[in-house]
Amino acid sequence: NDQGLRVAGFGVDPDGNGALDVFNKDGVRVTGVSVGPDGSGVLRVANKDGVGVGLVGVGLDGDGALAVFNKDGQLVGFVGVAPDGSGVLRVANKDGVRVTGVSVDPDGNGALGVANKDGVLVAGVGMNEYGGGELKVFNKDGVGVVGVGVDPDGSGGLGVSNKDGV
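Report on the accompanying structure. What you see is a predicted model; the values in this text were computed from it and never measured.

## Describing the pattern of salt bridges
- If you walk through the whole model with that rule in mind, you get two salt bridges.
- Here aspartate 21 and arginine 29 are joined by a salt bridge, their closest N and O atoms 3.5 Å apart.
- Arginine 29 gets classed as partly exposed once you look at its relative accessible area, which sits at 48%.
- Of the charged contacts in the structure, one is a salt bridge between glutamate 134 and lysine 136, with a shortest N-O distance of 3.7 Å.
- A residue is classified by how much of its surface remains accessible, and lysine 136, at 41% relative accessible area, is partly exposed.

What follows is the structure, encoded as C-alpha cells:
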C-alpha cells in the first residue's frame, strides 16, 4: 500500500499447497485461505488486531466445521458434524465453558442441553422412549430433580425428586 505495508500475499506452503493471505492497511493479517494437513481447505478470519475470530474448515472425518472465537481468542461457538453424520451446535461462555449444546440422539431425534457457568448440565430437552418430548432439570450438582414428559398412553407426566434425586 502507500505506506509500504503488505496487504496481500499468495504463494506455496512448505507442503506444496497454495496459500492466500489478506492484510489490513496496517499490515495485520485478517484473512487467510490455506490447505489443512489432510489436504482440505481452511479459511481463517481475524479482527483488526490479528486475533483469530473465525475458522471454517474440514473435520477429521471430512465434514464441514465452523468455529467462532471471541476477541480474546477463546472458542465460544462451534457448528460441525458428529461422528454419525448428524449436526452439532455448541455454545460456550466467554471463558470457553460449554453452556449449550444442540445435537441429535442415536435415534435421529433432536436434543438440547443447557449447563451452568461451570459446565454442569442443568436442563435437557429431548425425546423419551415413548416417542414424546421430555424435559429434565438438574440441580447445580448435576442431580436430576424434575422430569416432565409424555407417558406411554400419550398423557403428560411429572416427576419431582429431592436434592439427592430420590
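Structure's up, so let's keep going.
## A short note on the pairing of strand 13 (residues 144–150)
- Where strand 12 (residues 133–138) lies against strand 13, five bridges are found, and the strand directions are antiparallel. The residue bridging phenylalanine 138 from the neighbouring strand is glycine 144, located in strand 13.
- Hairpin connection between strand 12 and strand 13: a loop of five residues separates the two successive antiparallel strands, and glycine 142 in this loop has a positive phi of roughly 85°.
- Hairpin connection between strand 13 and strand 14 (residues 156–160): a loop of five residues separates the two successive antiparallel strands, and glycine 154 in this loop has a positive phi of roughly 95°.

## As for the pairing of strand 4 (residues 41–46)
- Pairing of strand 3 (residues 29–35) with strand 4 involves five bridges; the strand directions are antiparallel. Considered in strand 4, the bridge of threonine 31 is made with valine 45.
- With antiparallel pairing between neighbouring strands as the criterion, strand 3 and strand 4 make up a hairpin whose turn holds five residues, including glycine 39 at a positive phi of roughly 90°.
- Pairing of strand 4 with strand 5 (residues 52–58) involves four bridges; the strand directions are antiparallel. The residue bridging alanine 46 from the neighbouring strand is glycine 52, located in strand 5.
- In textbook terms, the turn of a hairpin is the stretch between consecutive antiparallel strands, and for strand 4 and strand 5 this stretch comprises five residues, one of which, glycine 50, has a positive phi near 90°.

What counts and what doesn't
- Residues numbered from 1 in each chain as written.
- Predicted model: local features only at pLDDT ≥ 70, side-chain atom pairs only at ≥ 80, totals over all residues.
- Heavy atoms only, no water.
- Salt bridge = Lys/Arg side-chain N within 4 Å of Asp/Glu carboxyl O.
- Buried < 20%, exposed > 50% of the residue type's maximum accessible area, 1.4 Å probe, protein only.
- Pairing = 2+ DSSP bridges.
- Helix = DSSP H or I, 4+ residues; strand = E, 2+ residues; numbered from the N terminus.

These figures come from the coordinates and say nothing about function on their own.
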